[in-house]
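Observations on chain architecture
Listed below are the residues making up each chain.
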Amino acid sequence: MKLLTHNMLTSHVKGVTKGYPLLIKATEVKVNEVEFNPQFVSRMIPKLEWGALVQAAEELGHRQDLPGELVQDYEKNEDFLKKVHRVLLEVEVIEGCLQCPESGREFPISKGIPNMLLNEDEV
Amino acid sequence: MAAFSSRSCLQYLLHLAQDNLDFRLPEIKALLALRGKPFRPCENFREKSPFWCLDGLSEEDVHSIMARSVCAKSAFELWGHGQTHSELRTSLLNFPSEIMSPFMHKDSTYRINVYTFNKTLLFADRIKRIDALEYLPFEGRVSLKNPQHIFCLLEDYGTDPNNIPEDPNYIYFGRWIADGQRDLIRSHSVKNRHFIGNTSMDAGLSFIMANHARVKQDDLVFDPFVGTGSLLVACSHFGAYVCGTDIDYNTIHGKGRSSRKNQKWRGPDENIRANLRQYGAQKMYVDVMVSDASKPAWRDAALFDAIVTDPPYGIREATRRTGSHKDIAKPAEGVFEESHVPVSQAYHLSDIFTDLLNFSAHHLVMGGRLVYWLPVYRPEYCEEMVPLHPCLQLISNCEQTLSSHTSRRLITMEKIKEPEEFDSLAHLSDPRFSAYQGHNAFREKYFSGLNKKSTKENNKSDVSGD
């Protein structure tokens, strides 16, 4: 699971109102090299919750020098875009789980794939 | 014949393939829209004809369309046309020579092709046609192997194979600009794909869907019923980053029984990521997840540039969603297996579309498109049955016949308005959904036509490996 995806996911357990962002408990994380595409990164930035991205990168120990605040005029700032690219697309959680911050319910991640299915009694 | 005063008055001729006829106009329109250009057909436009003449385009526009279109075979800069060879000649002699001359000077090489639609021509007759064009000021040298410029004489003998006229109905002559992407149908054929399922979308249609959705470079595209990822393969080919979800754990993980004839179980390289890697598009892979489309886990924001999907019809793959059944025993306390698939209940077809349209209204960017297949029981179909939503505008509705009593329709919708609180409930009282209500109504009608025995409900998945 990439952090781009994590940034867009929320807990959908019934009754939960503060389900975002999901906490990440990773037992295996990989960093892959993915071709840098500044246009795609620029397009995704407005859709992100910046604080949640930084928090998630921090949780995985892969924040490096990602700034706590969004930089102004980022479209032309290739250095900044490269940092965002690495965190969004190159860091992958392979094994672990996502945890609802309110209910504690865990959603397992196996082979990089999260399982977001709820049980019969949670829907 | 109007005189051309500048290059901008040039017309372009598209030669289209005669299959998926309904799907062609929405595809070309969508591709033109990506260039910010309207669809402006010349006079005497006939949608069912293989030849379309378009106005108001630049050569670059035509190259862009042909770089994406799976419906168009070739495109030409139109130099002349007419109902007879005599009319063609007049038309060609009226065409400005300053536009022709860069392609005909003495140091260039060229070739003339003759194409006849709905008629086979003897080789000798082809040569006669080419020789008859000697009134054109060609100064260059003919090269059959690698000409710099290719010209084409196209003759239209109508669309009735049982009634081929002696003389063509219409004739065109033009300079070849580009071919379309029909080769993708072969190169991306599901037959050669690493990972397939019972209902993997065939390559041609998956690219048409990506075009109807106006997928473009650097988009983020989502498929909520992703299956084996055929639609993601097509969208990634056009430069989009892709993600998907499916309720079936085994399909997402690439496990379980194979859909191939002589293979029992899926191998290690059979999963969606591997499919993208097969075509060199692995960098477009974002994520896939096991998830129930009726209970999405996405936060409420406009995340996706397009949603392209083929929801289950309940025929070859089951329609399912999570939820309790009174009679099913619950798993033992404290036991939660990683691969546990929560008990599923039948997902009423009407709910699939309700949820899909609502999901799209909330999660598409403004102007983003939803493209999906709607199964249809033909004897009862009427246009009012197509689901609508206050935030989505219906763009096109193209039918693909599956049998005498069933078909599916490719529906394209575009987000035109942000959802307000009560929009998601507006349609519930709408009578148009009654056709899809009732447990698996579409399935019942489909099967009652085939085999009277199998009207009893079948809750087992057709794809085993659960």
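How each quantity is defined
- Starting afresh in each chain, residues are numbered from 1 along the sequence in its written order.
- Note on labels: chains are lettered from A, ligands numbered from 1, in written order.
- The predicted nature of this model means local features are confined to residues of pLDDT at least 70 and side-chain atom pairs, given and counted, to a pLDDT of 80 or more, with totals for whole chains, interfaces and linings taken over all residues.
- To obtain the side-chain values, all non-hydrogen atoms of the structure were included, while hydrogens and water were left out.
- UniProt positions are given in the numbering used here, feature names are shortened, and annotations may be inferred rather than shown by experiment.
- The salt bridge definition used is simple: a Lys or Arg side-chain nitrogen within 4 Å of an Asp or Glu carboxyl oxygen.
- Put simply, DSSP marks the helices as runs of H or I at least four residues long and the strands as runs of E at least two long, and each gets a number from the N terminus on.
- The classification of residues rests on relative accessible area computed with a 1.4 Å probe and restricted to protein chains. Under 20% of the type maximum is buried, over 50% is exposed, and intermediate values are partly exposed.
- Nonpolar cores were defined as sets of buried Ala, Val, Leu, Ile, Met, Phe, Trp, Tyr and Cys residues, with membership established by side-chain atoms within 4.5 Å.
- Domain start and stop positions are those given by an automatic or database domain assignment.
- Any two residues having at least one pair of non-hydrogen atoms within 4.5 Å are treated as being in contact.
- The quantity reported as buried area is the accessible area (1.4 Å probe) lost by two parts once they are put together, taken as the sum for both.
- Two N or O atoms form a polar contact when they lie within 3.5 Å of each other; inside protein one atom must be a possible hydrogen donor and the other a possible acceptor, and for residues adjacent in sequence the pair counts only when both atoms belong to side chains.
- DSSP calls a pair of strands paired once it identifies at least 2 bridges connecting them.
- Axis lines are fitted to C-alpha atoms, over the contacting stretch for helices. Their N-to-C directions set the angle, which ranges from 0 to 180 degrees.
- Note on terminology: angles under 35 degrees are roughly parallel, angles over 145 are roughly antiparallel, angles of 65 to 115 are roughly perpendicular, and the others are oblique.
- By definition, turning the near helix anticlockwise from the far helix through less than a right angle yields a left-handed crossing, and turning it clockwise yields a right-handed one.
- Under the grouping applied here, Gly and all other residues not named as nonpolar or charged are polar, the nonpolar ones being Ala, Val, Leu, Ile, Met, Phe, Trp, Tyr, Cys and Pro and the charged ones Asp, Glu, Lys and Arg.
- Only protein atoms enter the 1 Å grid used here. Points where a 1.4 Å probe fits but cannot escape make up a cavity, open sets with protein on both sides within 12 Å along at least five of seven lines make up a pocket, and a residue lines them when an atom lies within 4 Å of a point.
- Grid points are joined across faces, edges and corners, and a volume is the space filled by probe spheres set on the points.
- Picture the helix axis, draw a direction to every C-beta atom, and the arc is the one those directions span.
- Working convention for charge: Lys and Arg count positive, Asp and Glu count negative, and His plus the chain ends are omitted.

As annotated in an unreviewed UniProt entry, chain B is tRNA (guanine(10)-N(2))-methyltransferase TRMT11 from Haplochromis burtoni. UniProt's Sequence similarities (unreviewed entry) comment on chain B is quoted here verbatim: "Belongs to the class I-like SAM-binding methyltransferase superfamily. TRM11 methyltransferase family." The heading Subunit (unreviewed entry) in the UniProt record of chain B holds the text "Part of the heterodimeric TRMT11-TRM112 methyltransferase complex; this complex forms an active tRNA methyltransferase, where TRMT112 acts as an activator of the catalytic subunit TRMT11."

An unreviewed UniProt entry annotates chain A as Multifunctional methyltransferase subunit TRM112-like protein of Astatotilapia calliptera.

1. Looking at the pattern of salt bridges
Where side chains of opposite charge bring their charged atoms close, a pairing between them can arise. Residue and element names in this part refer to chain B. Tallying each qualifying case throughout the model produces 29 salt bridges over all chains. Between Arg-182 and Asp-19 there is a salt bridge whose closest N-O contact spans 3.4 Å. A residue pair is termed long-range when its members are at least 10 positions apart, and Arg-182 in the loop between strand S7 (170-179) and helix H6 (183-187) and Asp-19 in the loop between strand S1 (11-16) and helix H1 (21-34) qualify at 163 residues. Owing to a relative accessible area of 24%, Arg-182 belongs among the partly exposed residues under this scheme.

2. Quick look at the nonpolar core
All names here are of chain B. Judged by nonpolar contacts, the single largest core of 149 residues is most densely connected at Phe-173 and Trp-298. Broken down by element, the residue count for this core peaks at seven residues, all from strand S14 (residues 364-377). For this core, the domains that each give at least three residues are domain 1 (11-180) and domain 2 (184-314 + 344-437). If you look at the next biggest cluster of nonpolar residues, it comprises 10 residues, including Cys-42, Phe-76, Leu-78 and Leu-154.

3. Description of the interface of chain A and chain B
Listed by partner, the interface residues are 38 residues for chain A and 40 residues for chain B. For the pairing of chain A and chain B, the buried interface totals around 3400 Å² over both sides, and the portion due to carbon and sulfur atoms is 59%. The largest contributions to the chain A side of the interface with chain B come from Met8(A), Leu117(A) and Glu120(A), which together make up 22% of the buried area. Linking chain A to chain B there are five salt bridges. Here Arg43(A) makes a salt bridge to Asp219(B), at a shortest N to O gap of 3.0 Å. Run the count over chain A and chain B and you get 19 residue pairs in polar contact (both at pLDDT 80 or more).

4. Looking at the sheet that holds strand S10 (residues 285-290) of chain B
All names here are of chain B. Taking strand neighbours across the sheet as the criterion, the seven strands line up as S10-S9-S8-S11-S14-S16-S15 in an open arrangement whose pairing is mixed. Among the strands making up the open sheet, the edge pair consists of S10 and strand S15 (392-401). Averaged over neighbouring strand pairs, the angle between their axes works out to 15° when direction is ignored. Sheet analysis places strand S8 (residues 220-223) next to strand S11 (residues 304-309), joined by two bridges and oriented parallel. By the bridge assignment, Val-221 is partnered in S11 with Ala-306.

5. Focus on the packing of helix H7 (residues 203-212) of chain B against helix H8 (residues 230-237) of chain B
Residues and elements named next belong to chain B. Where H7 contacts H8, the axes come no closer than 8 Å and their chain directions differ by 55°. Here H8 runs oblique to H7, going by the angle between their axes. Every pair of crossing elements has a handedness; the one defined by H7 and H8 is right-handed. For the pair formed by H7 and H8, the contact residues are Ser-206, Phe-207, Met-209 and Ala-210 on the first element and Ser-230, Leu-231, Ala-234, Cys-235 and His-237 on the second. For the contact of H7 with H8, the per-class residue count stands at six nonpolar, three polar and no charged.

6. A look at empty space enclosed by the protein
All names here are of chain B. Throughout the structure, instances matching the rule amount to two cavities of 30 Å³ or more. The calculated volume of the largest cavity comes to roughly 110 Å³. Counting residues per element, the lining of the largest cavity draws most heavily on helix H11 (residues 349-363), at four residues. A breakdown of the residues in the lining of the largest cavity according to their chemical character gives 12 nonpolar, two polar and two charged.

7. Examining the sheet that holds strand S4 (residues 113-114) of chain A
Residues and elements named next belong to chain A. Overall, antiparallel pairing links the four strands, which are arranged S1-S2-S3-S4 in an open sheet. What marks the edges here is a single partner per strand, and that holds for strand S1 (23-31) and S4. Pairing of strand S2 (residues 91-99) with strand S3 (residues 106-110), which is carried by four bridges, proceeds in the antiparallel orientation. Each bridged residue has a counterpart across the sheet, and for Cys-97 the counterpart in S3 is Pro-108.

8. With respect to the environment of Cys235(B)
Inspection of the secondary structure puts Cys235(B) in helix H8. For the pair Cys235(B) and Asn198(B), spaced 37 residues apart in the sequence, the C-alpha separation amounts to 20 Å.

9. Section: helix H2 (residues 59-66) of chain B
All names here are of chain B. Three or more residues of H2 are buried, namely Asp-61, Val-62, Ile-65 and Met-66. Buried residues of H2 fall within an arc of 125° about the axis and therefore sit on the same side. Buried residues in H2 make contact with S1, H1, strand S3 (72-82) and S7.

10. With respect to the UniProt feature "domain: tRNA (guanine(10)-N(2))-methyltransferase TRMT11 N-terminal" (unreviewed entry) in chain B
According to UniProt, the positions carrying the feature "domain: tRNA (guanine(10)-N(2))-methyltransferase TRMT11 N-terminal" (unreviewed entry) are residues 11-182 of chain B. In residues 11-182 of chain B, helix accounts for 26% and strand for 29%; the two terminal C-alpha atoms are 23 Å from one another.

11. Brief notes about the packing of helix H3 (residues 50-59) of chain A against helix H4 (residues 78-90) of chain A
Residue and element names in this part refer to chain A. One can describe the packing of H3 onto H4 by two numbers: an axis separation of 11 Å at closest approach and a directional angle of 65°. Helix-helix and strand crossings are classified by hand; for H3 and H4 the assignment is left-handed. Here Trp-50, Leu-53 and Ala-57 of H3 come into contact with H4, specifically with Phe-80, Val-84, Val-87 and Leu-88. Residue composition of the contact of H3 with H4, by class: seven nonpolar, no polar and no charged.

12. As for H3(A)
Residue and element names in this part refer to chain A. Residues Trp-50, Ala-52, Leu-53, Val-54, Ala-56 and Ala-57 constitute the buried set of H3. Contacts made by the buried residues of H3 are with helix H1 (3-8), S1 and H4. Within two residues after H3, Gly-61 carries a phi angle of roughly 75°, on the positive side.

13. Regarding the side chain of Arg193(B)
All names here are of chain B. Tracing the backbone shows Arg-193 in the loop between H6 and H7. The side chain of Arg-193 is buried and forms no salt bridge, while Asp-202, the nearest opposite charge, is found at 8.4 Å. Within the structure, the side chain of Arg-193 is placed 2.8 Å from the backbone oxygen of His-188, a separation counted as a polar contact. The residues contacting Arg-193, other than those within four sequence positions of it, are His-188, Ser-230, Val-233, Arg-260, Asn-275, Gln-278 and Tyr-279.

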